[in-house]
Amino acid sequence: MSQPRTGTPGDVEEIHWPSLVAAVSSISAVGIAIGLGLPLLSIILEKRGISSTLIGLNTAMAGVAAMAAAPITTKLAHKYGVAPTMIWAVLISALSALGFYYAQDFWMWFPLRFAFHGATTTLFILSEFWINAASPPSKRGFVLGIYATVLSLGFAAGPLLFSILGSDGIFPFLIGAGAILLAAIPIFIARDESPVLEEKPELHFMRYVFLVPTATAAVFIFGAVEAGGLSLFPIFAVRAHFTESQAALLLTMMGVGNVIFQIPLGLLSDRIADKRPLLAGMALMGFIGSMMLPLLLNNWLLMAGLLLFWGGCVSGLYTVGLSHLGSRLTGSDLAAANAAFVFCYAMGTVAGPQAIGAAIDVAGNNGFAWAIAAFFGLYALLSGIRLMFIRKRA
């Protein structure tokens with residue numbers, strides 16, 4: 001019987017390709033839906049005259065939904081099965097994605113955000129569990145590399161679709177909902193291969209937030225910058241006189257950086273025993289890149305090149321942070337720390353859009369770049385101080 005993600009890995013000897021396709025399809029749907037939905041919804045709210053602070057508050061519902069969905073997802077999958085739970089999540093996320101078009105009152109977007117991101121969080125958690133269970137230990141890195149790359153490609157494809165479709169009419173919403181619904185087909189085909197989720201006692205994982213602070217703080221910053229940047233960058237770019245299409249293509253360049261740098265950074269972290277200097281270095285590069293954003297507003301090509309490398313730094317915080325976590329802990333300790341890792345990511349997705357949106361309202365359009373730089377700079381400073389204290393004690 002396959003073990004849950006919080007337990008030991010399964011003992012399969014060959015890759016279960018139907019399971020792999022089902023899991024990868026669901027996560028690609030999540031990436032496309034979020035990559036298309038975040039800029040699309042932000043631009044529509046901007047056109048309706050909603051303030052950046054309220055747009056950020058509405059976007060922050062994604063993190064609230066993730067924190068709410070995480071503890072109940074495994075219970076639902078244990079009771080109803082992994083594949084049925086994923087299919088229901090597909091239906092809920094698709095219906096809520098389409099619901100945004102028909103919801104004219106702003107308050108209605110809060111429950112819709114909660115439903116959409118709660119359902120996509122469920123897909124994320126269960127697809128990750130499924131792909132781990134379907135992977136032989138000797139090929140797990142290869143399979144997880146496919147998984148991570150497809151997720152990144154989904155995030156990159158979303159803004160690209162937005163640049164083509166624009167924000168007018170129902171068509172962008174139909175495309176987003178349709179992409180999600182397509183994921184139900186491979187899940188249904190592979191339903192008999194879906195792993196069994198065994199219920200285990202809950203671990204008190206919050207103490208791991210402070211046990212491995214370099215990793216958990218890294219994923220908090222990643223969540224804040226990813227969610228806040230992806231949702232509010234179109235506003236920053238449009239106010240800087242880029243077109244909607246140009247803004248979306250710039251987001252796509254950030255997604256491309258996420259794709260092409262993720263595996264090289266992972267390979268680099270494998271060669272380094274202590275990942276903390278690498279994490280601090282990427283945060284410093286993220287800080288410098290953020291401060292350069294206002295200086296490049298008159299040159300689309302330079303802005304695109306900067307965002308290509310900047311996107312790699314942002315994604316690297318997650319990849320290398322998770323690698324650092326695995327290098328420090330094993331077994332049940334690692335399982336509990338992974339839960340804390342996901343929780344800190346969700347916290348970041350709540351804090352980031354709100355802080356960045358408020359910064360735009362208070363400091364003007366450049367507040368976008370300054371707020372992101374503050375996130376990166378704080379992490380670089382704290383991790384640097386921590387490294388100095390550790391070396392002094394050694």
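All residue numbers refer to position in the chain's written sequence, counted from 1. With pLDDT at 70 or above as the cut-off, local features in this predicted model cover only qualifying residues; side-chain atom pairs require 80 or more to be listed or tallied, and sums for whole chains, interfaces and linings still use all residues. Values shown for side chains rest on all heavy atoms present in the structure; no hydrogens or waters enter the calculation.

Peer 1: Just to check I follow, could you spell out the overall build of the protein chain for this structure?
Peer 2: Strands are runs of DSSP state E lasting at least two residues, helices are runs of H or I lasting at least four, and both sets are numbered from the N terminus onward. For the protein chain, the helix and strand inventory stands at 15 helices and 0 strands. The classification of residues rests on relative accessible area computed with a 1.4 Å probe and restricted to protein chains. Under 20% of the type maximum is buried, over 50% is exposed, and intermediate values are partly exposed. When burial is assessed residue by residue, the protein chain has 55% of its 394 residues classed as buried. Residues are treated as being in contact if the distance between any of their heavy atoms lies within 4.5 Å. Restricting to contacts in the protein chain with at least 6 residues of sequence separation, those with at least 24 account for 85%. Of the roughly 17000 Å² of accessible surface on the protein chain, a fraction of 70% belongs to carbon and sulfur atoms. Computed with a 1.4 Å probe, the accessible areas rest on the Shrake-Rupley method; for each residue, only the protein chains presented here act as cover.

Peer 1: Looking at this model, I keep getting lost on the environment of Arg113. Mind explaining?
Peer 2: Tracing the backbone shows Arg113 in helix α5 (residues 109-133). Taking C-alpha positions, Arg113 is 9.6 Å from Val64, a pair spaced 49 residues apart along the chain.

Peer 1: Would you take a moment to explain a nonpolar patch on the surface for this structure?
Peer 2: On the surface, Leu284, Phe287, Ile288, Met291, Met292, Leu295 and Trp370 cluster together into a nonpolar patch covering about 670 Å² of accessible area. Per-element tally for the nonpolar patch: the top contributor is helix α12 (residues 276-292), with 5 residues. Structurally, Met291 can be placed in helix α12. By relative accessible area, which is 37% here, Met291 ends up partly exposed. Grouping into patches uses exposed residues only, defined as over 30% relative accessible area, and leaves out salt-bridged ones; the cut-off is 9 Å for like charges and 5 Å for nonpolar side chains (Val, Leu, Ile, Met, Phe, Trp, Tyr). Here a salt bridge means any side-chain nitrogen of Lys or Arg lying within 4 Å of a carboxyl oxygen belonging to Asp or Glu.

Peer 1: I'm lost on helix α3 (residues 61-80) in this one. Help?
Peer 2: Each α-helix winds once per 3.6 residues, and so residues spaced three or four apart point in a common direction. Between its first and last C-alpha, α3 extends 26 Å over 20 residues, near the 28 Å set by a 1.5 Å rise per residue. To get the bend at a residue, fit one axis to the 7 residues ending there and another to the 7 starting there, then take the angle between the axes. By the largest-angle criterion, Ala70 marks the main kink of α3, which is about 35°, and a proline, Pro71, follows within four residues. Those residues of α3 not exposed but buried are Met61, Ala62, Gly63, Ala65, Ala66, Ala69, Thr73 and Ala77. Where α3 terminates, the next one or two residues include Gly81, which has phi positive at roughly 100°. How far a helix is expected to stretch is found by multiplying one less than its residue total by 1.5 Å.

Peer 1: Looking at this structure, I do not really get the packing of helix α10 (residues 213-239) against helix α11 (residues 244-270). What am I missing?
Peer 2: For any two helices packed against each other, the geometry comes down to the angle between their axes and how far apart the axes lie. Angles run from 0 to 180 degrees between N-to-C directions of axes, and those axes are lines fitted to C-alpha atoms, restricted for helices to the stretch in contact. The interhelical angle for the contact between α10 and α11, taken along N-to-C directions, is 140°, at an axis separation of 9 Å. By the criterion of interaxial angle, the relationship of α10 to α11 is oblique. As α10 runs across α11, the sense of the crossing is right-handed. Counting all contacts with α10, which are made through Gly229, Leu230, Phe233, Pro234, Ala237 and Val238, the residues of α11 involved are Glu244, Ala247, Leu250 and Leu251. In this scheme, roughly parallel covers angles under 35 degrees and roughly antiparallel covers those over 145, while 65 to 115 is roughly perpendicular and the rest are oblique. Should the near helix be turned anticlockwise from the far one by less than a right angle, the crossing is left-handed, and should it be turned clockwise, the crossing is right-handed.

Peer 1: Before we go on, may I ask you to explain unusual backbone geometry in this structure?
Peer 2: Keep in mind that most residues, glycine aside, have a negative phi and that most peptide bonds are trans. Within the chain, His241 stands out as a residue other than glycine whose phi angle is a positive 80°. On the secondary structure map, His241 appears in the loop between α10 and α11. Looking at His241, the relative accessible area reads 74%, which means it is exposed.

Peer 1: Explain the confidence of the model for the protein chain here, please?
Peer 2: Detailed reading of the predicted coordinates is not advisable wherever pLDDT is low. Confidence of the predictor at the level of single residues is given by pLDDT, which spans 0 to 100. Confidence in the prediction for the protein chain averages 80 pLDDT; 86% of positions are at 70 or higher. The least confident element of the protein chain, judged by mean pLDDT, is helix α6 (residues 140-165) at 74; the most confident is helix α4 (residues 82-102) at 92. Here residues 1-11 scores under 50 on pLDDT; set against residues more than four positions off or in separate chains, the count is 22 contacts.

Peer 1: Teacher, can you tell me more about the side chain of Ser383 here?
Peer 2: Here Ser383 is to be found in helix α15 (residues 367-393). Within 3.5 Å is the distance limit for a polar contact, defined as a pair of N or O atoms, with the added protein rule that one can donate a hydrogen and the other accept it, and that residues adjacent in sequence qualify only through two side-chain atoms. Side-chain polar atoms of Ser383 contact the backbone oxygen of Tyr379, separated by 2.7 Å.

Peer 1: Whenever I open this one, the side chain of Ser167 confuses me. Can you help?
Peer 2: Topologically, Ser167 is positioned in the loop between α6 and α7 (171-182). Its relative accessible area of 8% is what places Ser167 among the buried residues. Among the polar contacts listed, one links the side chain of Ser167 to the side chain of Lys47, at a separation of 2.7 Å. Aside from chain neighbours lying at most four places away, what touches Ser167 is Leu40, Ile43, Ile44, Lys47, Phe162 and Glu244.

Peer 1: What is the right way to read α12 from this model?
Peer 2: With 17 residues, α12 extends 25 Å between its outermost C-alpha atoms, agreeing within 8% with the 24 Å of an ideal straight helix rising 1.5 Å per residue. Listed as buried for α12 are Arg276, Leu278, Leu279, Ala280, Met282, Ala283, Gly286, Gly289 and Ser290.

Peer 1: Help me understand the nonpolar core in this model?
Peer 2: One broad trend across soluble globular proteins is that nonpolar side chains are buried collectively. Remark: nonpolar core denotes a set of buried residues (Ala, Val, Leu, Ile, Met, Phe, Trp, Tyr, Cys) joined through side-chain atoms within 4.5 Å. Grouped together as the largest cluster of nonpolar side chains are 98 residues, with contacts concentrated most on Trp130, Met303, Phe368 and Phe376. Looking at this core element by element, the count peaks at 16 residues for helix α1 (residues 17-47). Not counting the four nearest positions on each side in its chain, Met303 is found in contact with Phe236, Phe242, Leu250, Leu293, Leu296 and Leu297. By size, the runner-up hydrophobic cluster in this structure holds 9 residues, among which are Tyr208, Ala215, Leu325 and Cys344.

Peer 1: Would you explain the packing of aromatic side chains in this entry?
Peer 2: How two aromatic rings sit relative to each other is given by the distance of their centres and the angle of their planes. Stacked, edge-to-face and tilted are the three classes for Phe, Tyr and Trp ring pairs, Trp counted by its six-membered ring, which pair at centre distances within 6.5 Å; planes under 30 degrees apart are stacked, over 60 edge-to-face, the rest tilted. Scanning the model with the defined rule gives 10 aromatic pairs in all. Between Trp310 and Phe376 the ring centres are 5.9 Å apart and the planes differ by 75°, which places this aromatic pair in the edge-to-face class. Here the residue Trp310 occupies a position in helix α13 (residues 300-328), and Phe376 occupies one in helix α15, the gap between them amounting to 66 residues. By relative accessible area, Trp310 is classed as buried at 4%. Accessibility expressed as a relative area gives 0% for Phe376, which makes it buried.

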